[in-house]
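# Residue-level structure breakdown
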Amino acid sequence: MKKMVKKIAVTGAGGQIAYSLLFRICVGEVFGKETKISLRMLDLPAAEGILAGVAMELEDCAFPLLEEIHFGSNPEELFEGVDCAFLVGAKPRGVGMERSDLLSENGKIFIEMGRALNLAASKDVKVLVVGNPCNTNCLICMENAPAIPRKNFHALMRLDENRARGLLAKKAGVNPSLVKGVVIWGNHSTTQVPDYTHILIGKKSLEEVIDAHWLQEEFTETVQKRGSAVIKARGKSSAASAASASVDAMRALFTPTPSGEWFTSAVLSDDNPYGIEKGLIFGFPCRSRGDGEYEIVPNLPWNYFISEKIAVTQKELLEEREMVRQYL
Ligand code: NAD
Ligand code: LMR
């Protein structure tokens, strides 16, 4: 049987997230072992030397699925016909910064990314924005790519979900695969809402296993502030875990979601079943049939604690949108 070839673009390909992400894509972790890869690596002109080195290393892995590698600094050229784009290229924050402090500088990058995808990519391209602040950057990218369906744009909130799952598994002393039903609502920022109220550990509800006070206070804050904690400890923002979450996020669109389960992705809020304002890229529980499309899972009730926090994260996203009006 002839293998299918997918054209996959990664921007910021000379940076630290990409240095993990590229290798995991090429080993077949996103599209499986039956799909060959035509890889497109984009970075700024100053990083072309680094890209040449990364390309050598990819060749030196002799990955059976890696059919060809293109790299450079021209987005329109590199996005030609791409089926899938990981938009990582952007400045990371340092110690003491909030992600939204990056908005004016990084936001402009996503005008260019959106325009180039609009002109060059497959009209069915699936886009995952990783560069921060990822929700609002994703909105900018989507608004600058009118020829691409608006549902095809995602911002990475899977890292927050994975962090929540890892933390709960450690606290409960179980394998992370037993932690089901995690959703992170809203913005990938400290206002995000890690919702513990639908989580099961094995067959038990979370509150049967873990104290409710710890869940409201320590769990919520630890997940919200995990990005800063990593920056403080490492001196650089999370990279391998962000790459791993990016792989999980894209793969989730091409794998049927098991019945009764969901994954978190930040997607367009138009037509959402929770009354969130239109025109935001907002973290929701999603499920997919495995065809690259998704739907927002309806009918997850919010208690008072969760709904108050959701109002706060929504307000922050509305404010971020106001800050970038001129880019939309
Ligand atoms: P990095 O500095 O190591 O790499 C970024 C790369 O992007 C650099 O090589 C830079 O030259 C390149 N770049 C900058 N502008 C570009 C442009 N216009 N086109 C193409 N490439 C460009 O940073 P990193 O650690 O890889 O992080 C990248 C981004 O991802 C940051 O904004 C960071 O905050 C964000 N991030 C998001 C999450 C998440 O969960 N959403 C997690 C971790 C990091
Ligand atoms: C993270 O959550 O680790 C990233 O968004 C990087 C950051 O700035 O926190």
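Let me sum up the structure you'll find in this document.

## Some points on the packing of helix α1 (residues 16-26) against helix α10 (residues 240-253)
The axes of two packed helices give the description: the angle between them and the distance between them. For the pair α1 and α10, the least separation of the axes is 8 Å and the interaxial angle reads 40 degrees. Considering the relative orientation of α1 and α10, their crossing is right-handed. Across the interface between the two elements, I17, S20, L21 and R24 from α1 touch A240, A242, A243, S244, S246 and V247 from α10. Classifying every residue of the contact of α1 with α10 by side-chain character gives 6 nonpolar, 3 polar and 1 charged.

## Side note on unusual backbone geometry
Keep in mind that most residues, glycine aside, have a negative phi and that most peptide bonds are trans. With an omega dihedral of -5 degrees, the bond running from N132 to P133 counts as a cis peptide bond. Residue placement: P133 occurs in the loop between β5 (126-129) and α5 (134-143). In the Ramachandran plot, A62 falls in the positive-phi region, its phi being about 50 degrees despite a non-glycine side chain. Looking at the element boundaries, A62 is found in the loop between α2 (48-60) and β3 (66-72). Take A62: its relative accessible area is 60%, and that puts it in the exposed class. Residue D271 is not a glycine yet carries a positive backbone phi of 65 degrees. By the element assignment, D271 lies in the loop between β12 (263-268) and β13 (281-287). Judged by relative accessible area, which is 74%, D271 ranks as exposed.

## A short note on the site of ligand 1
Neighbouring ligand 1 are 24 residues; Q16, D43, K91, V130 and N132 lie closest to it. G15 places a polar main-chain atom, nitrogen or oxygen, 3.5 Å from an oxygen atom of ligand 1. Separating an oxygen atom of ligand 1 from a backbone N or O atom of K91 is a distance of 2.8 Å. Comparing atom positions with the cavity grids shows ligand 1 to sit within the largest pocket. Of all the secondary-structure elements, those providing two or more residues to the shell around ligand 1 are α1 and α4 (103-120).

## Considerations on the site of ligand 2
If you check the shell around ligand 2, you find R93, R99, N132, R163, H188, G227, I231, S237 and S238 and nothing else. Between ligand 2 and the protein, one listed contact pairs an oxygen atom with a side-chain N or O atom of R93 at 2.5 Å. Contact distances for ligand 2 include 2.5 Å between an oxygen atom and a side-chain N or O atom of S238. Comparing atom positions with the cavity grids shows ligand 2 to sit within the largest pocket. Here the shell around ligand 2 is composed, by residue class, of 1 nonpolar, 5 polar and 3 charged.

## With respect to the side chain of S237
Within the fold, S237 resides in the loop between α9 (226-234) and α10. Excluding its chain neighbours within four sequence positions, the residues that come into contact with S237 are Q16, P92, V230 and I231.

## A few points about the layout of surface pockets
Of the pockets and cavities examined, the largest pocket occupies roughly 730 Å³. If you trace the largest pocket, you find 37 residues lining it, with V88, G89, A90, K91 and G131 closest to the centre. For the lining of the largest pocket, the elements supplying multiple residues, two or more each, are α1, α4, α6 (158-172) and α9. For the lining of the largest pocket, the element with the most residues is α4, which contributes 3 residues. For the lining of the largest pocket, the per-class residue count stands at 18 nonpolar, 13 polar and 6 charged.

## Some thoughts on the pairing of strand β1 (residues 4-11)
Relative to strand β2 (residues 35-42), β1 runs parallel, the two being bridged by 8 bridges. By the bridge assignment for β2, K7 is matched with S38. For the crossover that starts at β1, traverses α1 and ends in the parallel β2, the hand is right-handed. Here 4 bridges tie β1 to strand β4 (residues 84-87), and the two strands are oriented parallel to one another. By the bridge assignment, V10 is partnered in β4 with F86.

## Details of the pattern of salt bridges
Pairs can form between side chains of opposite charge once their charged atoms are near each other. In the structure shown here, the tally under the stated rule is 18 salt bridges. Between E322 and R325 there is a salt bridge, and its shortest N-O distance comes to 3.1 Å. A relative accessible area of 47% places E322 in the partly exposed class. You can call R325 partly exposed: its relative accessible area is 41%. Taken together, the salt bridges that share partners define one network made up of D124, K126 and E293.

## Re the side chain of T35
Residue position: T35 is located in strand β2. Looking at T35, its side chain comes within polar contact range of the main-chain oxygen of F31, at 3.2 Å. Once you skip the residues sitting within four places of it in the chain, T35 turns out to touch M4, K6 and L65.

Rules of the game
Residues numbered from 1 in each chain as written. Chains lettered and ligands numbered in written order. Predicted model: local features only at pLDDT ≥ 70, side-chain atom pairs only at ≥ 80, totals over all residues. Heavy atoms only, no water. Axes fitted to C-alpha atoms, helices over the stretch in contact; angles between N-to-C directions. Helix = DSSP H or I, 4+ residues; strand = E, 2+ residues; numbered from the N terminus. Left-handed = near helix turned anticlockwise from the far one by under 90°. Contact = heavy atoms within 4.5 Å. Nonpolar A, V, L, I, M, F, W, Y, C, P; charged D, E, K, R; others polar. Buried < 20%, exposed > 50% of the residue type's maximum accessible area, 1.4 Å probe, protein only. Near = heavy atom within 4 Å. Polar contact = N/O pair within 3.5 Å; in protein donor to acceptor, adjacent residues only side chain to side chain. 1 Å grid on protein atoms, 1.4 Å probe; cavity = no way out; pocket = protein on both sides within 12 Å on 5 of 7 lines; lining within 4 Å. Sits in = over half its atoms within 2 Å of the grid points. Points joined across faces, edges and corners; volume = space filled by probe spheres on them. Pairing = 2+ DSSP bridges. Right-handed = clockwise from strand over helix to strand, strands pointing away. Salt bridge = Lys/Arg side-chain N within 4 Å of Asp/Glu carboxyl O.

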